[in-house]
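Observations on the three-dimensional arrangement
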Amino acid sequence: MQLRYQFRARLTPGQCIRAARVFGCKRVVWNDALAIVAPRKQANSLLGGPRARFAEGPYWGIPKAVELGRLLITEAKKAARRAFLADAPVGVLQQTLRDLDRAWKAHEDSKSGRRPGPRVGPPAFKSRKDMRQTARFTVSDRFRVLDDGRLRLPKIGDVRIRWSRDLPSAPSSVTLIRDRSGRYWVSFVVEADPVADLLPPVDRDQGVDLGLTRFAVLADGSHIANPRFLRRAEKKLARRQRELARKEKGSKNREKARIKVARTHAAVADARRNFHHQWSHRLTRDNQAVYCETLNVRGMGRTRLAKSVYDAGWAQFVGFLEYKAKRRGRSFAKVDSRFPSSRICSSCGRRDGAKPLWVRTWTCPGCGVRLDRDWNAGKTIRREGRRVLAASKTAPSPPGPGARRR
Ligand SMILES: [Zn+2]
């Protein structure tokens, strides 16, 4: 199983300059490759797909990443105008060509309907002004962790890392990231032993109903309160955004204000991530199975609830629950978002009509149990989750908890 470990990195001013050069080389290779590939792809789609491969002229064939690498990295370096490509490790540059391949594939699969989810546009040219920059170093680039804890990145230097935990084994790659607010991170990909994290089984399971007034209501009647830090941070963010709007375009003060806004954004995201880690950790530790409603967050984004929805960041939380459950040998099941959890009796499963929001409690006509609107949903999700889990275990080809619906 592949895991990611991310840490803060502190670069010296010299290392920052060299890192910027590596990002720049990567961008040049990406843009050069896109300039060759994009017109041919467009011609292909105008001429009706693969038939264009047999057409005459400059649009004949689309070079593969290997050919592009030879042309745009190895050969290009010999010319004076691309000699600076020697400032970046070859592996990082080759990686960007593979990324471009993947970006085209994602776009084409999305167009043909093979890829679920939102539409993916064609890859775009990258700009010097892009806020987030990354460079991925593979083993062939010979990065390594030194005995003094620094990370040796070829062409950049020995970078100080703030290690917050140990890597379980040798990483297969590391990505250097410069985020919108100018902070540096390193993200390691590590092949982890899945057995090491398994927990002894427990005899409990839990239904999780994600909501707006409360972050989540659980099947045992308890709830997780919404974190208030987001609201507080939001006010600060709004103030800084107003400050930014007043600054003159292209001025140094505007750039300073932009960084302040980006830092506030980053602080909110960090705090939210910690909150999600904490609760997904607890839920998967204390329960053998966790069930959660899949939410149509994108769909809800168009309503006026959008802000609260994105604040709560449910998608991230559900993702954490899923991977933590997998690592720890717990079960996780999603209950379809079309499942009317608030209309079904958690005690007997009787399906009742829709109830207006002001109805907080009612008595089930089937079994006579008094139901509370808020708490019923968590219990119902648990009931439905158990059914989904049992069905996926007995079905000949289970869709699996990770499978995307629709
Ligand atoms: Zn009932």
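Here the focus is helix α4 (residues 229-246). Between its first and last C-alpha atoms α4 spans 26 Å; for 18 residues at 1.5 Å apiece the expected length is 26 Å, and the two agree. For α4, the complete set of buried residues consists of L230, A233, L237 and L244. Along the long axis of α4, the arc covered by the buried residues comes to 65°, so they all point the same way. Among the exposed residues of α4, those pointing more than 90 degrees away from its buried face are R232, K235, R242 and R246.

Looking now at the layout of surface pockets. Each pocket or cavity is described by its volume, and for the largest pocket that value is around 1,600 Å³. Contributing to the lining of the largest pocket are 49 residues, with Q6, I177, W185, S187 and R273 lying nearest its centre. Among the secondary structure elements, those contributing two or more residues to the lining of the largest pocket are β1 (2-10), α1 (13-47), α3 (90-112), β2 (133-138), β6 (171-178), β7 (184-191), α5 (252-286) and α8 (314-328). Top contributing element to the lining of the largest pocket by residue count: α5, with 9 residues. A breakdown of the residues in the lining of the largest pocket according to their chemical character gives 14 nonpolar, 15 polar and 20 charged.

Take the coordination of the zinc ion next. Ideal coordination angles are 109.5 degrees for a metal with four donors arranged tetrahedrally and 90 or 180 degrees for a metal with six donors arranged octahedrally. Within the protein, the zinc ion binds to C345 (SG), C348 (SG), C364 (SG) and C367 (SG); these donor distances fall in the range 2.3 Å. Coordination at the zinc ion is tetrahedral, judged from the 4 donor atoms that bind it and the angles of 107 to 112° they form at the metal. Here C367 falls in the partly exposed class, since its relative accessible area comes to 34%.

Tracing the chain through its elements places N31 in helix α1. Taking relative accessible area as the criterion, N31 reaches 17% and is therefore assigned buried. A polar side-chain atom of N31 sits 2.8 Å from the main-chain amide nitrogen of K126. Apart from residues lying up to four places away in sequence, N31 is in contact with F125 and K126.

A complete count under the given rule lists 16 salt bridges for this structure. Where R82 meets D32, a salt bridge forms, and the shortest distance between an N and an O atom there is 2.8 Å. In this pair, R82 is assigned in the loop between α2 (65-75) and α3 and D32 in helix α1, connecting sequence segments 50 residues apart. Residue D286 is joined to R285 by a salt bridge in which the shortest nitrogen-to-oxygen separation is 2.8 Å.

Looking now at the nonpolar core. Grouped together as the largest cluster of nonpolar side chains are 43 residues, with contacts concentrated most on F137, L153, L176, V186 and F188. If you tally residues by element for this core, the top one is α1, at 10 residues. Setting aside residues no more than four positions away along its own chain, F188 makes contact with L3, R4, Y5, F7, F143, L151, W163, L167, P171, S173 and V174. Counting residues in each nonpolar core, the second largest holds 17 residues, with V208, A216, W279 and F317 among its members.

This part is about the sheet that holds strand β12 (residues 331-335). Spatially, 5 strands are ordered β10-β9-β8-β11-β12 in an open sheet, and the strand pairing comes out mixed. Taken across any chain shown, the strands that pair with only one partner, and hence form the sheet edges, are β10 (223-224) and β12. Pairing geometry for strand β8 (residues 205-210) and strand β11 (residues 289-293), over 4 bridges, is parallel. Each bridged residue has a counterpart across the sheet, and for D205 the counterpart in β11 is A289.

Time to look at the packing of α4 against α5. At a minimum axis separation of 9 Å, α4 and α5 run at an interaxial angle of 165°. When the interaxial angle is binned, α4 and α5 end up roughly antiparallel. When you trace α4 past α5, the crossing you get is left-handed. Side by side, α4 and α5 meet where F229, L230, A233, K236, L237, R240, Q241 and L244 of the first sit next to R254, A257, R258, K260, V261, T264, H265, V268, A271, R272 and F275 of the second. Its residues assigned to classes, the contact of α4 with α5 shows 10 nonpolar, 3 polar and 6 charged.

The rules behind each value
Residues numbered from 1 in each chain as written. Predicted model: local features only at pLDDT ≥ 70, side-chain atom pairs only at ≥ 80, totals over all residues. Heavy atoms only, no water. Helix = DSSP H or I, 4+ residues; strand = E, 2+ residues; numbered from the N terminus. Expected span 1.5 Å × (residues − 1). Buried < 20%, exposed > 50% of the residue type's maximum accessible area, 1.4 Å probe, protein only. Arc of directions from axis to C-beta. 1 Å grid on protein atoms, 1.4 Å probe; cavity = no way out; pocket = protein on both sides within 12 Å on 5 of 7 lines; lining within 4 Å. Points joined across faces, edges and corners; volume = space filled by probe spheres on them. Nonpolar A, V, L, I, M, F, W, Y, C, P; charged D, E, K, R; others polar. Donors = N, O, S within 2.8 Å, 3.2 Å for Na, K, Ca; no water. Tetrahedral: all angles 85-135°; square planar, octahedral: opposite > 155°, others 65-115°. Polar contact = N/O pair within 3.5 Å; in protein donor to acceptor, adjacent residues only side chain to side chain. Contact = heavy atoms within 4.5 Å. Salt bridge = Lys/Arg side-chain N within 4 Å of Asp/Glu carboxyl O. Core = buried A, V, L, I, M, F, W, Y, C linked by side-chain atoms within 4.5 Å. Pairing = 2+ DSSP bridges. Axes fitted to C-alpha atoms, helices over the stretch in contact; angles between N-to-C directions. Parallel < 35°, antiparallel > 145°, perpendicular 65-115°, else oblique. Left-handed = near helix turned anticlockwise from the far one by under 90°.

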